[in-house]
Each structure stands twice: as C-alpha cells, then as structure tokens.
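# Fold and geometry: a report
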Amino acid sequence: MDFAHYKDAFIKEAHKTEYSLTDIQRCLDYAEALYLHQVPVIYNPTHLSGLVGYKKEYLKKASLFPNYFYRDFEVAKKNGGKRLISEPLPSLKEIQIWILRNILYKVPSSAFAKAYRPTVTLLENLRFHKNQPKVFTLDLENFFPSIRVEAVENEFLKLGYSKIVSKLLSKLCTRNGTLPQGAPTSPYLSNLVFKEADAAIATYCKEHKIRYTRYADDMSFSGDFDENELLQKVTETVEKIGFRINAKKTKLMTTGMRQTVTGVVVNEKPQVVFYKRNELRQALYYIQKFGFEEHREYKEIDQKNYLEHLLGKINFVLQINPKDAEFIKYKSLLIDLKNKQDLKALEDELLPI
C-alpha cells in the first residue's frame, strides 16, 4: 500500500472514531515520515503489540526486566578464552526477528561493512585486499557491548519513530543497556550504529588511496600508506562514538609476508591459511584410514557434533575456493558418512523393543 492509499484508509477510520482534524493531520505527518523510510507505521506500544503478536504487558516486561528473557552460555574463543553468548528466549527472539526483517533490513548499512548483510559474502571483504603492498588490520575491542541503548534508540528516532516507540524498540533489542551477543538484531544494529564512523574512515581512505572494509569488529586496510597516521585517524574516529582499538590485535603485513584478512590469506588469491587446511587434511586422512568413530576415540574427541563441525570447516574452505577439488572430495565423503549415521539412527529408532 502506498501512502496515498494509506492516507485515504486512515481518514475513513479516523472519522468513525471522531478524531479531530488536528489529530488526523498529526498522525498522517508522522506516518508519512515512516513511509519515506519504507518502515512500518507504529503509533504506540499497543500498536506494536498488535503488529508483533504479543501482548503489550509482555513487551513491557521484556523491556524492563530483560535478564529474565535470556539464557547465557559460553563458547570457546580462538585465543583460548571464553565468549559470553546471551540468547533471547523464543518469544523475545521472534519479536526481535520481526524488528530485524520489517525495520532494520529496510535501512541500508555502509557499503564498507561486509558482515551481517544478507546478500554479501565473505569474499566481498577479501577481494579488495588481494596482492597489495601492505595489509593493515585492526580489531574493535568489545564490539557489541560498546554499543549503548541510547545509540540504538537514536537509529529508530532517525527513521521517524516517536520517542516512546523508539525507546521500546531499543530496549527490546538490548540487555542491561548494551547490545547482547546472541540476539538476532545485534549484528545489523552494529552496522547501523557504526555507519557514520565507516563513512568518515572511508573518506580519509579515499583521499589517501587506501582500500578499506570492515567485517564486524575486524577493520582491514590495504595499499601503500603511513600506517601510524592511519591508526591515529581511525582511533580518533572510533573513540568519538565509544569504541576502542584492541592494540594487541593490530597487525601490519607487508609484501613477502603472509597477508591475512579475517583469517584468510589474500596475497595472490584468497585462501584459508595453510595450517587450518592441513588440520582438515590430517583429520580426513585418519577417518578414511581407520574409520570415523575410531579416529574420534584415538584423538579423544567427545564433541557430539564433530562430523557437522568438520563439514562446517570444509564448507568455509569451499566458500573461499568453490572449485577446490580436494575439499569437494572431503565434503562428499563426510556427507556420505552423515547419511549413513542418520540412516542407522532411524533404524535403531524403529527397532522393536
């Protein structure tokens, strides 16, 4: 429905409820601003509850007492540490997915942001940095927790939503005042909040002929430039909006060195780093020679989804190099193993007691 049709329908319904002409015009002015951004018209919390299919009381409780609406668990990080994941309970997650699909995805993020965009793949982040004199990578420290509820609320205000609606939407997408790592809305919101910083950094890079992309909290730069001057500019830009550069993860890679972006080699062509591919080769060698369960037992691997874990790693290699015959063969072998496992599980389930 375009705005003209919406306007006609709204006026008809408003007359039935005896809205004043002033109130009708005020509502239409509000709605038109939202229509310009192609996002749903939401007048108040009651209206939002009808759109998402949950009672207003539920929305209020989820926004005021978020700790009761998440479950926390830890996952291992590459450096051996732990990352806290806060996953929303199914009902809140459903509401967040509605906000993501109907509101957030309607707002374009920066062209330099290569993560969390439905139509953009990891290769988009890599191809800009292939075969460059220098590759310089920076890491944003505590990326999601650095994004405050006020910054999230501002994104909804910019679309034209009222203060009360923007505050409710922002609280439904945050926990204890920051973006939770695990909510479906957090990744895309991080792109929107960082959009102005992306633009400022990109402007500087264009002036100095530097290639720039950002993949979540990983910032990559390539070309021929003064890395100290660049670091100072980026640090000043991100600190203005509450972020910090993780000095321990700052890395300069010059010609002759292995240059990596988000864990992928970009010197001549994108390629998953050798040691990761070699680990997969070794695992598949032993699986083919001794058998899957025998390999797990010998290596003392108690991970329940180990087969799916291997498949995911091989799919990542093939995402970077889809024509890699060696890893296509490995993928086929693991899929056959999985099909056999699934069939055996089904047969065991159907066996008479």
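Residues numbered from 1 in each chain as written. Predicted model: local features only at pLDDT ≥ 70, side-chain atom pairs only at ≥ 80, totals over all residues. Heavy atoms only, no water.

### Here we look at the overall build of the protein
If you tally the helices and strands in the protein, you get 15 helices and 9 strands. When the 353 residues of the protein are sorted by exposure, 42% land in the buried category. Look at the contacts in the protein between residues 6 or more apart in sequence, and 66% of them connect residues 24 or more apart. A total accessible area of about 20400 Å² is found for the protein, and carbon and sulfur atoms account for 53% of it. Across the protein, the 54 positively charged side chains and the 44 negatively charged ones have centroids separated by 2 Å. (Helix = DSSP H or I, 4+ residues; strand = E, 2+ residues; numbered from the N terminus. Buried < 20%, exposed > 50% of the residue type's maximum accessible area, 1.4 Å probe, protein only. Contact = heavy atoms within 4.5 Å. Areas by Shrake-Rupley, 256 points an atom, 1.4 Å probe, with all protein chains shown as cover. Lys, Arg positive; Asp, Glu negative; His and termini not counted. Charge placed at Lys NZ, Arg CZ, Asp CG, Glu CD.)

### Things to note about the sheet that holds strand E3 (residues 134-139)
Overall, antiparallel pairing links the 4 strands, which are arranged E4-E5-E3-E6 in an open sheet. Pairing within the sheet leaves two strands with one partner each, and these edge strands are strand E4 (211-215) and strand E6 (251-254). The mean inter-strand angle of the sheet, taken between neighbouring strand axes irrespective of direction, is 15°. Those strands touched by helix H10 (residues 195-207) are E4 and strand E5 (218-223), and its axis lies near 155° from that of E4. (Pairing = 2+ DSSP bridges. Axes fitted to C-alpha atoms, helices over the stretch in contact; angles between N-to-C directions.)

### Things to note about a nonpolar patch on the surface
There is a patch of nonpolar side chains on the surface, built from Leu64, Phe65 and Tyr68 and spanning about 390 Å² of accessible area. Position of Tyr68 among the secondary structure elements: in the loop between helix H4 (56-64) and strand E1 (70-76). (Patch = residues over 30% accessible without salt bridge, like charges linked within 9 Å, V, L, I, M, F, W, Y side chains within 5 Å. Salt bridge = Lys/Arg side-chain N within 4 Å of Asp/Glu carboxyl O.)

### What to know about the sheet that holds strand E8 (residues 264-265)
Sheet strands pair by backbone hydrogen bonding; their relative direction is either parallel or antiparallel. Pairing in this open sheet of 3 strands is antiparallel, and the strands run E7-E8-E9 from one edge to the other. The sheet is open, and its two edges are formed by strand E7 (260-261) and strand E9 (271-272), each paired on a single side.

### With respect to the packing of aromatic side chains
Within this structure, the stated rule accounts for 22 aromatic pairs. Pairing Phe143 with Phe194 gives two aromatic rings, centres 6.2 Å apart and planes at 65°, and the pair type is edge-to-face. Taken together, the residues span a long stretch of sequence, with Phe143 in the loop between E3 and helix H7 (149-159) and Phe194 in the loop between helix H9 (186-193) and H10 at a distance of 51 residues. Here Phe143 matches Phe194 in class, with each residue buried. Each ring, one from Phe327 and one from Tyr330, has its centre 5.2 Å from the other, and the planes form 85°; the classification is edge-to-face. Placement of the pair is Phe327 and Tyr330 together in helix H15 (residues 325-350), with a separation of 3 residues, close to one helical turn. (Phe/Tyr/Trp six-rings, centres within 6.5 Å; stacked < 30°, edge-to-face > 60°.)

### Regarding the domain arrangement of the protein
For the protein, the assigned domains are domain 1 (1-37), domain 2 (70-265) and domain 3 (271-348). Its C-alpha centre places domain 2 at a distance of 31 Å from the equivalent point of domain 3. With 10 residues of domain 2 at the contact, the number on the domain 3 side is 8 residues. Together, the buried faces of domain 2 and domain 3 total about 690 Å²; carbon and sulfur atoms form 61% of this surface. Here domain 2 and domain 3 share 0 salt bridges between them. In this assembly, domain 2 and domain 3 are joined by 1 residue pair in polar contact (both at pLDDT 80 or more). By residue class, the composition of the side of domain 2 that touches domain 3 is 5 nonpolar, 3 polar and 2 charged. (Domains from an automatic or database assignment. Buried area = accessible area lost by both parts, 1.4 Å probe. Polar contact = N/O pair within 3.5 Å; in protein donor to acceptor, adjacent residues only side chain to side chain. Nonpolar A, V, L, I, M, F, W, Y, C, P; charged D, E, K, R; others polar.)

### Quick notes on helix H11 (residues 227-239)
A rise of 1.5 Å per residue sets the reference length of H11, with its 13 residues, at 18 Å; its end C-alpha atoms lie 18 Å apart and thus fit the reference within 8%. Considering only its buried residues, H11 is in contact with E3, H10, E5 and E6. (Expected span 1.5 Å × (residues − 1).)

### Description of unusual backbone geometry
Phi is positive for Tyr116, which is not a glycine, with a value near 65°. Looking at the element boundaries, Tyr116 is found in the loop between helix H5 (90-102) and helix H6 (122-126). Non-glycine residue Glu300 carries a positive phi angle of around 55°. Summarising the element assignment, Glu300 is placed in the loop between helix H13 (292-299) and helix H14 (306-320). Overall, Glu300 belongs to the exposed group, its relative accessible area being 71%.

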